[in-house]
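# Coordinates in review
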Amino acid sequence: MSAPSTPSSRSTRPTVTEREARQVAEAAREQDWRKPSFAKELFLGRFRLDLLHPHPLPPDEDVQRGEEFLAKLRDFCETKIDGAVIERDARIPDDVITGLKELGAFGMKIDTKYGGLGLTQVYYNKALALVGSANPAIGALLSAHQSIGVPQPLKMFGTQEQKDTFLPRCARTDISAFLLTEPDVGSDPARLATTAVRDGDDYVLDGVKLWTTNGVVADLLVVMARVPKPQDGESGEGGKGGITAFVVEAASEGITVENRNAFMGLRGLENGVTRFHRVRVPAANRIGPEGAGLKIALTTLNTGRLSLPAMCVGAGKWCLKIAREWSAVREQWGKPVALHEAVGSKISFIAATTFALEAVVDLSSQMADEDRNDIRIEAALAKLYGSEMACLIADELVQIRGGRGFETAASLEARGERAVPAEQLLRDLRINRIFEGSTEIMHLLIAREAVDAHLSVAGDLIDPDKTLSDKARAGAQAGVFYAKWLPKLVAGPGQLPRSYADFHPSGHPDLSGHLRYVERTARKLARSTFYAMSRWQGRMETKQGFLGRIVDIGAELFAMSAACVRAEHLRAKGEHGREAYQLADAFCRQSRIRVDELFGRLWSNTDDLDRKVVKGVLGGAYAWLEEGVVDPSGNGPWIADAAPGPSERENVRRAIG
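Before going into details, it helps to say that this report is about the structure given with it. (Residues numbered from 1 in each chain as written. Predicted model: local features only at pLDDT ≥ 70, side-chain atom pairs only at ≥ 80, totals over all residues. Heavy atoms only, no water.)

## Re the overall build of the protein
- Secondary structure assignment for the protein yields 24 helices and 10 strands.
- Relative to a compact globule of 657 residues, whose C-alpha radius of gyration would be 26 Å, the protein shows 26 Å and is just as compact.
- Taken along the three principal axes of its C-alpha coordinates, the protein extends 80 × 75 × 65 Å.
- Residues classed as buried in the protein amount to 53% of the 657 residues present.
- By sequence separation, contacts in the protein at least 24 residues apart represent 78% of the contacts at least 6 residues apart.
- Side chains of the protein carry 84 positive and 87 negative charges; the gap between the two charge centres is 5 Å. (Helix = DSSP H or I, 4+ residues; strand = E, 2+ residues; numbered from the N terminus. Rg over C-alpha atoms; globule rule 2.2 N^0.38 Å. Buried < 20%, exposed > 50% of the residue type's maximum accessible area, 1.4 Å probe, protein only. Contact = heavy atoms within 4.5 Å. Lys, Arg positive; Asp, Glu negative; His and termini not counted. Charge placed at Lys NZ, Arg CZ, Asp CG, Glu CD.)

Structure, rendered in structure tokens:
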């Protein structure tokens, strides 16, 4: 059967307004809250410690299976992975990838009935932290395959036939990749240009995808493409069109990996540009109905986002080890540098923050395993907070190491010193603030979920498209909601001296005061959000600086809560309880300083002035400031042409094994 001709109007990038783009994003998010959410309640001013404490525990059989695999993986990392070789050659050796397949590392999250290991989210994340410490590019390889690649969306949305067909392959032999981003489409999927046109029992894909992690070596692809909506008089083959997800064989005719991209970090990453030209995909490979692709992608990321902060935890642990060992032997002015306050404060920050990051990831992961709570906000906060704090941790390690921190491991080794890749870690971690939702997008995504309760009762009041009768009904609903909600923000357990007394055991630092602070501050955060909505109403969505600070405060409060719960959990188990309490106490004190500063910046900031300066920059008012330098950039377009059509470049895809 020949490929259908595609009208030129359908091959051009969709033109969408800001409002239309927001509507696409809104339609893709999960609308309902069927289970409780600690973070959602926190943003509403309700400190539900009962949702976290006592710390949830995994079943013994899950622990045994997970620990057995971690032991095998640790041995593999120590004996088979040479991070220096990967950094030097900018490639993970084929035998390492093959060894990971044989170990079952590509099937960690896949059920045993499909040939996977069936690990819990907790142990999957521990494994990523471990292998990511050996080399972050390997962690990215495994994470992209299992967290957002073929296995996870099929697990959640695939048919039984699709699971039987593809999951055994993903568990042992095949590598998968997730393809959403395009050269001119990042966080605005409403403008997605790759098309999938129905033709009998197939869809025909045309378009170009950018930054396809694992795409260079993948065997299977999850591809997001726009199915044209049926026109008047067309049947539409029973579908309604829209952004749709497909499982695509990477070796299909018409697929060309046109470039293997290179980055400032993660040099072993197999990330490329993939072109589709009249690629036939069986309709049976469509995941879910037409138009459900973006919802599938975002739902997959709800727990998939936990893999990235898990590797940030591994980075923090390594930074702490190096900081401890180096600062004990390096002397300045008659004593180890660790004992100088300027350096010691950095080490304290690394230790306390690593403890908190692990607390956040383990707690969120265990809640995901139990499926008792809705953790969409917790996972997003973990990604946001982990990626930001891990970069700070790595930067502090480079500073502690001084000139040796800036020097490459290869150079250190060449002149006879220990090859410590501190600068490499800093480069490798930097992408985490962009991967799987940039910090800026995460702020907006979390803020939308945080104000969901308000918009559900009062959203029509600020919607310009609603009628007066709609607004009247919304006003009545809002009046009932706020009459019950606002009085509860005045007082709470955080003002009672003996609240949370379980967190002040004899002989340990007092964590109960920190939990009282979280409770009080959660109510203050909710009051601030309500005041801002009352003040700005429909313009609230444009106040991205304010929303970002609100989210950052919530992230700190979540991390403080998790740190305290983890400390008490370890104390109750008899595992380093006193030390855990000390770390939690230090973290909470550091976090409270950051929170107080963020509250100050809610209302005292330069947001309005910044907008004026930006307009001046874009209008050329300050172009004179750019004089006196040369621009080493090459010529060429800012964004490469991604027009559909046959490839004119060599296919650089390579199969492993």
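Once the structure has been displayed, the description carries forward.
## Some points on helix 17 (residues 422-429)
- Extensive coverage of helix 17 is indicated by the burial of 7 of its 8 residues.
- In this structure, the buried side of helix 17 is in contact with helix 5 (83-89), helix 8 (136-148), helix 12 (307-329), helix 14 (376-401) and helix 15 (403-406).

## Quick look at the nonpolar core
- Among the nonpolar cores identified, the biggest contains 94 residues, and Leu381, Phe503 and Phe587 are the most heavily contacted of them.
- For this core, the element with the highest residue contribution is helix 22 (residues 544-573), accounting for 16 residues.
- Beyond its immediate sequence surroundings of up to four residues, Phe503 is in contact with Leu49, His53, Pro509, Asp510, Leu511, Ser512, Leu515, Cys564, Val565, Glu568 and Tyr581.
- In terms of nonpolar packing, the next biggest core, distinct from the first, is built from 35 residues, Leu103, Phe106, Ala140 and Ile656 among them. (Core = buried A, V, L, I, M, F, W, Y, C linked by side-chain atoms within 4.5 Å.)

## Notes on the pairing of strand 7 (residues 271-282)
- Here 9 bridges tie strand 3 (residues 202-213) to strand 7, and the two strands are oriented antiparallel to one another. Of the residues in strand 7, the one forming a bridge with Gly207 is Phe276. (Pairing = 2+ DSSP bridges.)

## Concerning the environment of Ala640
- Inspection of the secondary structure puts Ala640 in the segment after helix 24 (607-618).
- Judged by relative accessible area, Ala640 falls into the exposed class, the value being 52%.
- Along the chain, Ala640 and Leu128 lie 512 residues apart, while their C-alpha atoms are 34 Å from each other.

## Remarks on the packing of helix 21 (residues 512-536) against helix 23 (residues 577-603)
- At a minimum axis distance of 12 Å, the contact between helix 21 and helix 23 shows a crossing angle of 15°. On the basis of their axis angle, the class for helix 21 and helix 23 is roughly parallel. Regarding helix 21 and helix 23, the two cross each other, and that crossing is left-handed. Facing Gly513, His514, Tyr517, Arg520, Thr521, Lys524, Leu525, Ser528, Tyr531, Ala532, Arg535 and Trp536 of helix 21, the residues of helix 23 in contact are Asp585, Cys588, Arg589, Arg592, Val595, Asp596, Phe599, Leu602 and Trp603.
- Classifying every residue of the contact of helix 21 with helix 23 by side-chain character gives 10 nonpolar, 4 polar and 7 charged. (Axes fitted to C-alpha atoms, helices over the stretch in contact; angles between N-to-C directions. Parallel < 35°, antiparallel > 145°, perpendicular 65-115°, else oblique. Left-handed = near helix turned anticlockwise from the far one by under 90°. Nonpolar A, V, L, I, M, F, W, Y, C, P; charged D, E, K, R; others polar.)

## A few points about unusual backbone geometry
- Along the chain, His53 connects to Pro54 via a cis peptide bond; the corresponding omega equals 0°.
- Residues other than glycine seldom take positive phi values, yet Trp211 does so here, at roughly 55°.
- Among the secondary structure elements, Trp211 is positioned in strand 3.
- Positive phi values are uncommon outside glycine, yet Glu436 reaches one of about 50°.
- Checked against the element boundaries, Glu436 lands in the loop between helix 17 and helix 18 (439-450).

## So, a nonpolar patch on the surface
- Nonpolar side chains collect at one region of the surface, where Leu609, Val613, Val614, Val617, Leu618, Tyr622, Trp624 and Leu625 lie side by side and expose about 830 Å² of accessible area between them.
- Topologically, Val614 is positioned in helix 24.
- Residue Val614 is classed as partly exposed on the basis of its relative accessible area of 46%. (Patch = residues over 30% accessible without salt bridge, like charges linked within 9 Å, V, L, I, M, F, W, Y side chains within 5 Å. Areas by Shrake-Rupley, 256 points an atom, 1.4 Å probe, with all protein chains shown as cover. Salt bridge = Lys/Arg side-chain N within 4 Å of Asp/Glu carboxyl O.)

## Quick look at the packing of aromatic side chains
- As enumerated under the stated definition, the model contains 13 aromatic pairs in all.
- For the ring pair Phe481 and Trp485, a centre distance of 5.9 Å and an interplane angle of 20° mean the geometry is stacked. Of this pair, Phe481 and Trp485 both sit in helix 20 (residues 468-485), 4 residues apart, roughly one helical turn.
- The exposure class assigned to Trp485 is buried, which follows from its relative accessible area of 3%.
- An angle of 75° between the planes, with centres 5.2 Å apart, marks the rings of Tyr531 and Trp603 as edge-to-face. Placement of Tyr531 in helix 21 and of Trp603 in helix 23 is noted, with a sequence separation of 72 residues between them.
- The class for Tyr531 is partly exposed, based on a relative accessible area of 45%.
- For Trp603, a relative accessible area of 39% translates into the label partly exposed.
- Each member of the aromatic cluster is reached from another via a ring pair, and the members are Phe38, Phe47, Tyr500 and Phe558.
- Lying across the ring of Trp326, Arg401 places its NZ or CZ 4.7 Å from the centre. (Phe/Tyr/Trp six-rings, centres within 6.5 Å; stacked < 30°, edge-to-face > 60°. Lys NZ or Arg CZ within 6 Å of the ring centre and 35° of its normal.)

## As for the environment of Arg267
- Looking at where Arg267 falls in the secondary structure, it is placed in the loop between strand 6 (255-260) and strand 7.
- The spatial distance from the C-alpha of Arg267 to the C-alpha of Gly416 is 25 Å, given a sequence separation of 149 residues.
- Aside from chain neighbours lying at most four places away, what touches Arg267 is Glu87, Arg88, Ala90, Arg91, Arg260 and Arg427.
- Within the structure, the side chain of Arg267 is placed 2.7 Å from the backbone oxygen of Glu87, a separation counted as a polar contact. (Polar contact = N/O pair within 3.5 Å; in protein donor to acceptor, adjacent residues only side chain to side chain.)

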